[in-house]
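# Commentary on secondary and tertiary structure
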Amino acid sequence: MRVLTPEDMASALDRVGYLADEGLATAAYLALRMGRPLFCEGEPGTGKTALATALASALDVELVRLQCYEGIDATQALYEWDFPRQLLELRAGSSVESLYSRRFLLARPLLRALESPCVLLVDEIDRADDEFEAFLLEILSENAVTVPELGEIRASTPPLVVLTSNRTREVHDALKRRCLYHWLDHPSLDRELAILRKRLPGVGDRLASQVVSAVRRLREMELLKPPGVAETIDWAAALTALGRESVDVSSAALTLGAVLKYREDVDRVVAAGLDALLAG
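Rules of the game
- Residues numbered from 1 in each chain as written.
- Predicted model: local features only at pLDDT ≥ 70, side-chain atom pairs only at ≥ 80, totals over all residues.
- Heavy atoms only, no water.
- Helix = DSSP H or I, 4+ residues; strand = E, 2+ residues; numbered from the N terminus.
- Contact = heavy atoms within 4.5 Å.
- Pairing = 2+ DSSP bridges.
- Axes fitted to C-alpha atoms, helices over the stretch in contact; angles between N-to-C directions.
- Salt bridge = Lys/Arg side-chain N within 4 Å of Asp/Glu carboxyl O.
- Buried < 20%, exposed > 50% of the residue type's maximum accessible area, 1.4 Å probe, protein only.
- Core = buried A, V, L, I, M, F, W, Y, C linked by side-chain atoms within 4.5 Å.
- Phe/Tyr/Trp six-rings, centres within 6.5 Å; stacked < 30°, edge-to-face > 60°.
- Polar contact = N/O pair within 3.5 Å; in protein donor to acceptor, adjacent residues only side chain to side chain.
- 1 Å grid on protein atoms, 1.4 Å probe; cavity = no way out; pocket = protein on both sides within 12 Å on 5 of 7 lines; lining within 4 Å.
- Points joined across faces, edges and corners; volume = space filled by probe spheres on them.
- Nonpolar A, V, L, I, M, F, W, Y, C, P; charged D, E, K, R; others polar.

## Looking at the environment of Leu175
Examined against the element boundaries, Leu175 turns out to sit in helix H8 (residues 173-178). Here the alpha-carbon distance between Leu175 and Ala134, two residues 41 residues apart in the chain, equals 7.8 Å. What Leu175 contacts, discounting residues up to four positions off in sequence, is Ile125, Glu133, Leu137, Leu140 and Leu163.

## Observations concerning the sheet that holds strand S2 (residues 62-67)
Two pairing modes exist for strands in a sheet, parallel and antiparallel, and in both the strands are linked by backbone hydrogen bonds. Taken together, the five strands give an open sheet; going across it, the order is S2-S5-S8-S1-S9, and neighbouring strands pair in parallel fashion. The sheet is open, and its two borders are formed by S2 and strand S9 (180-184), each paired with just one other strand. Adjacent strand axes in the sheet meet at a mean angle of 20° when their direction is disregarded. Sheet topology note: the strand S1 (residues 38-42)/S9 ladder contains five bridges and is parallel. Paired with Leu38 across the two strands is Leu180, which belongs to S9.

## Some details on the pattern of salt bridges
Inspection of every chain in the model, using the stated rule, returns 18 salt bridges. Salt-bridge contacts for Glu41 lead to Arg167; the nearest nitrogen and oxygen are separated by 3.8 Å. Taken as a pair, Glu41 in strand S1 and Arg167 in the loop between strand S8 (160-165) and H8 lie far apart in primary sequence, 126 residues in all. The buried category is assigned to Glu41, whose relative accessible area is 0%.

## Overview of the nonpolar core
Counting 34 residues, the largest nonpolar core has Leu110, Val122, Ile125, Phe132 and Leu163 as its most contacted members. For this core, the secondary structure elements donating two or more residues are S2, strand S3 (79-81), helix H6 (109-115), strand S5 (118-123), helix H7 (130-142), strand S6 (144-147) and S8. The element best represented in this core is H7, accounting for five residues.

## Some points on the pairing of strand S7 (residues 151-154)
Sheet topology note: the S6/S7 ladder contains four bridges and is antiparallel. Across the sheet, Val147 pairs through a bridge with Gly151, a residue of S7. Remark: three residues form the turn of the hairpin made by S6 and S7, two consecutive strands paired antiparallel.

## A word on unusual backbone geometry
Phi is positive for Glu124, close to 60°, though the residue is something other than glycine. Not every positive phi belongs to a glycine, and Asn143 is a case in point at roughly 50°.

## Some details on the packing of aromatic side chains
Inspection of every chain in the model, using the stated rule, returns three aromatic pairs. Residues Phe39 and Tyr181 carry aromatic rings whose centres are separated by 6.0 Å and whose planes lie at 20° to one another, so their mutual orientation is stacked. Here Phe39 is found in strand S1, whereas its partner Tyr181 is found in strand S9, with 142 residues between them in sequence. For Phe39, a relative accessible area of 1% corresponds to the buried category. A ring pair is formed by Trp81 and Tyr100, whose centres lie 4.9 Å apart and whose planes are at 85°; its orientation type is edge-to-face. Here Trp81, found in strand S3, pairs with Tyr100, found in the loop between helix H5 (83-91) and strand S4 (105-107); they are 19 residues apart in sequence, far enough to count as distant. Taking relative accessible area as the criterion, Trp81 reaches 8% and is therefore assigned buried.

## Description of the side chain of Glu41
In terms of polar contacts, Glu41 uses its side chain to reach the side chain of Tyr181, at 2.7 Å. If we skip the residues at most four places from it in the chain, Glu41 touches Lys48, Ser165, Arg167, Lys176, Tyr181, His182, Trp183 and Leu184.

## Topic: the layout of surface pockets
If a probe the size of a water molecule is rolled over the atoms, the empty space left behind becomes visible. Estimates place the volume of the largest pocket at around 610 Å³. Secondary structure elements with two or more residues in the lining of the largest pocket: helix H3 (48-59), S9, helix H9 (189-199) and helix H11 (229-241). At five residues, H11 tops the list of elements feeding residues into the lining of the largest pocket. For the lining of the largest pocket, a count of residues per class yields 15 nonpolar, nine polar and seven charged. Approximately 250 Å³ is the volume attributed to the second largest pocket. Lining the second largest pocket are 15 residues, with Leu32, Leu59, Thr157, Pro158 and Leu160 positioned closest to its centre.

## Focus on the side chain of His182
For His182, the location among the structural elements is in strand S9. Look past the residues within four positions of His182 in its chain and what remains in contact with it is Gly23, Leu24, Ala27, Leu38, Phe39, Cys40 and Glu41.

## Things to note about empty space enclosed by the protein
Under the definition given, this model contains two cavities of 30 Å³ or more. For the largest cavity, the calculated volume is near 60 Å³. Taken together, Gly35, Arg36, Pro37, Leu140, Asn143, Pro158, Pro159, Val161 and Arg178 make up the lining of the largest cavity. When the residues that make up the lining of the largest cavity are grouped by side-chain class, the tally is five nonpolar, two polar and two charged. Looking at the second largest cavity, its volume works out to about 30 Å³. Residue assignment for the lining of the second largest cavity shows that the elements contributing at least two residues are H6 and H7. Counting residues per element, the lining of the second largest cavity draws most heavily on H6, which supplies three residues. Taken together, the residues of the lining of the second largest cavity break down into eight nonpolar, one polar and no charged.

Shown next as structure tokens:
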């Protein structure tokens, strides 16, 4: 689809269920218009990964996801040769030269992103090491890669790249300079209510308001994992599945596992009093 303004971007994201504020919609629009990667930082659960998914849906292109982790290397991210198939071909009498053709090359996320229009999600880049970060910077700068046996593979349509970070470590300035930057915070109360109602159209007004207010109080506590918007939706969905139209202490106690994911967090919230959590 054609995205001519930041407002078009916000509307396109809205149609696929992602409510972006003006700042985020503008950042996404500029990334698309300028051909620059969008680097999104923020607390877990603020919608960074969901943004890439929504952009792929809104633009009607494939989402290619590269999940980063400690120790990831170029082979796991870019390509590798299909050695078992090559060996079978060799046993069948094929020449060694013919074994290094494109049909034996297994494309990993980065190569797939260069070969067809897509949104490339590089998720949790802060979990990768410095060497991988430098390698990624080179790929994003050139939108091309050289496979020694085949030559250069260059993107005819560069991917729209979204990088995410939970800020477990600082990402190098060289990578950040290559990108547009946006910090995603937890949404305001009104926006979170709007997100909840869009994702769960059948949720009642009283239940939605209680859940969003309670989740905001949880985020103010010293928890190991403060709940994100996904947990807000899960909690409201769990209560709705139980047929509840509002939240009381009993139903909150039964469904805390939908919003809190660590025993220590559950214990802390229960000790502080569920009645206080639901007050107001």
